[in-house]
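As a plain string of letters, each chain reads:
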Amino acid sequence: MLKKNDSEKEDLRAEMPAVPMRLYDARYTLIAAVFLAMALLVFDDVTHWHVWLGLGIIVIAAALPVRSRMIRKRERMLRQTGFQTPVEDVVFASCEALDDPAIVLAPGSIVIYQNHAAIEKFGPIARGSHLSSRLRAPQILELVHEVAGDHRTRTINHVEKVPSERWYQVRIAPMREVARLNGGGEFFLLTFRDQSESRRMDRMRTDFIANASHELRTPLASLTGFIETLQGPARNDREAQERFLSIMSEQAGRMTRLVDDLLSLTRLEMKAHMAPTAEVDLVPLIGHVRDTLRSMAEDLDVELRLTTPEEPVPVTGDYDELIQVFENLIENACKYGQNGGRVDVTIKDPSPAAQGMIDVSVKDYGPGIPSEHVPRLTERFYRVNVETSRSKKGTGLGLAIVKHILTRHRARLIVNSVLGEGSEFVVRIARRSS
């Protein structure tokens, strides 16, 4: 008969019934016992010391626990996979590869391990302590208790309000394979998947649709009303027709601007992850924007002052998108800071702390912006004063577009404003290295 390899022997032992398996594992001890028993029969002096010593060793060896079939199988599987460490160590090391916070629990909600992400989220939890010593959410504790009872995976949504609103998908699952390899010891894996960003995007999408619908509803209602009037009572009223057609043209223009801005936002979102690579000189670019808006500024009786360095200021960017940024900022400064009579546009070096960057400042001397509104200026459809914005043909999307463009350019928008003194919008962008 061919000799079986070690793996086949292990499989043979694993399939044997419990009692024969123990006899099979203790075969060498039994053989030694037989020989010693024969020696006792051969020696006339049964007090011979080395015989009794050997018999004592056999008794001690027989008293040692025999490895269970499950433990042997676990060790064999670890050898086959290349692991030479206990199952617990392999499980704990695997948890470290997870980006989500993960906590390994024993029955009774006892914490036996937490990965680095969980330590950052909840702080260190002492091994052997109860989960409630650090996590006090009743619904999560109840979830763990239920899964420990019936060993069925469960998932719930959990929201934290403090220090800021965060949404998590909490999942608790029994680690059945680990329990099988570990000789029956139960483990449960508690994970927290952060869904705050997706929730925020869903809410933003919902708000966006609601706001866009609202913004379009007003001009559409106006157009519908004027068309009905022109078809009815004002059918032959030339003066009314001229007046209504003028308003209709204005409302149609408003919808056109809104749709154009929405399309711009959509295009920017589609390529938000793609940073531009072209070289753009800010000096002629800002000069071009100033020349483009000079006529509009004169109509508003606003003086545009431009201060730029003599040497080129190269940055990495998209020329058309940067034009859109500075046109938006300068146009806003002229419209909303009109009573200041002046808008200063300056290209300058920032503070020493921002090495390798360049600032483009657009400063007006108008009424300024209340501080509570400043953090929300780049939100879609957000307006400090709705009526003023609409009267100046604003769509509420201009600064949102600026934010998206600057995000794609890895640049920042800094807003400084003092009531009664004016506002300053600063674009801070990295210089292009030569």
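Up top you'll find the structure we're talking about.
Not measured: the values here are computed from a predicted model.

Draft legend 1. Layout of the overall build of the protein chain. Of regular secondary structure, the protein chain possesses 15 helices and 12 strands. Across the 434 residues of the protein chain, 36% fall into the buried class. Carbon and sulfur atoms make up 56% of the accessible area of the protein chain, which amounts to about 25,700 Å² in all.

Draft legend 2. The pattern of salt bridges, seen in detail. Within this structure, the stated rule accounts for 17 salt bridges. The partner of glutamate 279 in a salt bridge is arginine 432, and the shortest N-O contact between them spans 3.1 Å. On the criterion of sequence distance, the pair formed by glutamate 279 in strand E6 (residues 279-281) and arginine 432 in the segment after strand E12 (422-430) is long-range, its members being 153 residues apart. The partner of aspartate 344 in a salt bridge is arginine 342, and the shortest N-O contact between them spans 3.2 Å.

Draft legend 3. Here's a closer look at the sheet that holds strand E5 (residues 188-194). Reading across from one edge, E2-E1-E5-E4-E3 is the order of the 5 strands in this open sheet, with antiparallel pairing throughout. The open sheet is flanked by strand E2 (110-114) and strand E3 (154-160), the only strands paired with a single partner. Strand-to-strand, the axes of this sheet are offset by a mean angle of 25 degrees, without reference to chain direction. By the bridge criterion, 4 bridges tie strand E1 (residues 102-106) to E2 in an arrangement that is antiparallel. By the bridge assignment, valine 104 is partnered in E2 with tyrosine 113. Running at roughly 170 degrees to E3, helix H8 (residues 138-150) makes contact with E1, E3, strand E4 (166-174) and E5 of the sheet.

Draft legend 4. Quick peek at the environment of phenylalanine 244. With respect to the helices and strands, phenylalanine 244 occurs in helix H11 (residues 238-270). As a C-alpha pair, phenylalanine 244 and alanine 234 span 10 residues in sequence and 9.4 Å in three-dimensional space. Setting aside residues no more than four positions away along its own chain, phenylalanine 244 makes contact with Phe226, Thr229, Leu230 and Ala234.

Draft legend 5. The arrangement of the sheet that holds strand E11 (residues 412-418) in detail. Spatially, the 5 strands line up as an open sheet ordered E7-E9-E10-E12-E11, and their pairing is mixed. One side of each edge strand has no neighbouring strand; the edge strands of this open sheet are strand E7 (303-307) and E11. With direction set aside, neighbouring strand axes in the sheet form an average angle of 15 degrees. Of the pairings in the sheet, the one linking strand E10 (residues 357-364) to E12 comprises 7 bridges and is antiparallel in character. In the strand pairing of E12, valine 362 is matched with phenylalanine 425. Running at roughly 170 degrees to E7, helix H12 (residues 282-299) makes contact with E7, strand E9 (342-348), E10 and E12 of the sheet.

Draft legend 6. Expanded view of the environment of valine 302. Tracing the backbone shows valine 302 in the loop between H12 and E7. Valine 302 sits 37 residues away from asparagine 339 along the chain, and the two C-alpha atoms are 8.2 Å apart. The residues contacting valine 302, other than those within four sequence positions of it, are Ala297, Cys334, Gln338, Gly341, Arg342 and Val343.

Draft legend 7. Local environment of H12. With 18 residues, H12 ought to run about 26 Å at 1.5 Å a step, and its terminal C-alpha atoms sit 26 Å apart, in line with that. Residue leucine 293 marks the point of greatest curvature in H12, where the axis turns by about 45 degrees. Of the positions making up H12, those classed as buried are Leu282, Val283, Leu285, Ile286, Gly287, Val289, Leu293, Met296 and Ala297. One or two residues past the end of H12 sits aspartate 301, with phi positive at roughly 60 degrees.

Draft legend 8. Structural view of the nonpolar core. Counting 46 residues, the largest nonpolar core has Leu282 and Phe326 as the members making the most contacts within it. In this structure, Ala118, Leu135, Leu143 and Val147 belong to the second largest nonpolar core, which totals 19 residues.

Draft legend 9. Region of the structure containing unusual backbone geometry. Positive phi values are uncommon outside glycine, yet histidine 151 reaches one of about 55 degrees. On the secondary structure map, histidine 151 appears in the loop between H8 and E3. With a phi angle near 60 degrees, aspartate 301 is a residue other than glycine that sits in the positive phi range. Within the secondary structure, aspartate 301 sits in the loop between H12 and E7. Residue aspartate 301 is classed as exposed on the basis of its relative accessible area, which comes to 64%.

Draft legend 10. Fine view of the packing of H12 against helix H13 (residues 319-336). Put simply, H12 and H13 touch, their axes get as near as 10 Å, and they point 40 degrees apart. Compared by their axis directions, H12 and H13 come out oblique. Note that H12 runs across H13; the crossing there is right-handed. Side by side, H12 and H13 meet where Leu282, Leu285, Ile286, His288, Val289, Thr292, Leu293, Met296 and Ala297 of the first sit next to Tyr319, Leu322, Ile323, Phe326, Glu327, Ile330, Glu331 and Cys334 of the second. The residue makeup of the contact of H12 with H13, split by class, is 13 nonpolar, 2 polar and 2 charged.

Parameters and conventions
- Residues numbered from 1 in each chain as written.
- Predicted model: local features only at pLDDT ≥ 70, side-chain atom pairs only at ≥ 80, totals over all residues.
- Heavy atoms only, no water.
- Helix = DSSP H or I, 4+ residues; strand = E, 2+ residues; numbered from the N terminus.
- Buried < 20%, exposed > 50% of the residue type's maximum accessible area, 1.4 Å probe, protein only.
- Areas by Shrake-Rupley, 256 points an atom, 1.4 Å probe, with all protein chains shown as cover.
- Salt bridge = Lys/Arg side-chain N within 4 Å of Asp/Glu carboxyl O.
- Pairing = 2+ DSSP bridges.
- Axes fitted to C-alpha atoms, helices over the stretch in contact; angles between N-to-C directions.
- Contact = heavy atoms within 4.5 Å.
- Expected span 1.5 Å × (residues − 1).
- Bend = angle between axes of the 7 residues up to and from the residue.
- Core = buried A, V, L, I, M, F, W, Y, C linked by side-chain atoms within 4.5 Å.
- Parallel < 35°, antiparallel > 145°, perpendicular 65-115°, else oblique.
- Left-handed = near helix turned anticlockwise from the far one by under 90°.
- Nonpolar A, V, L, I, M, F, W, Y, C, P; charged D, E, K, R; others polar.

It is worth stressing that arrangement in space is one thing and function is another; only the former is reported here.
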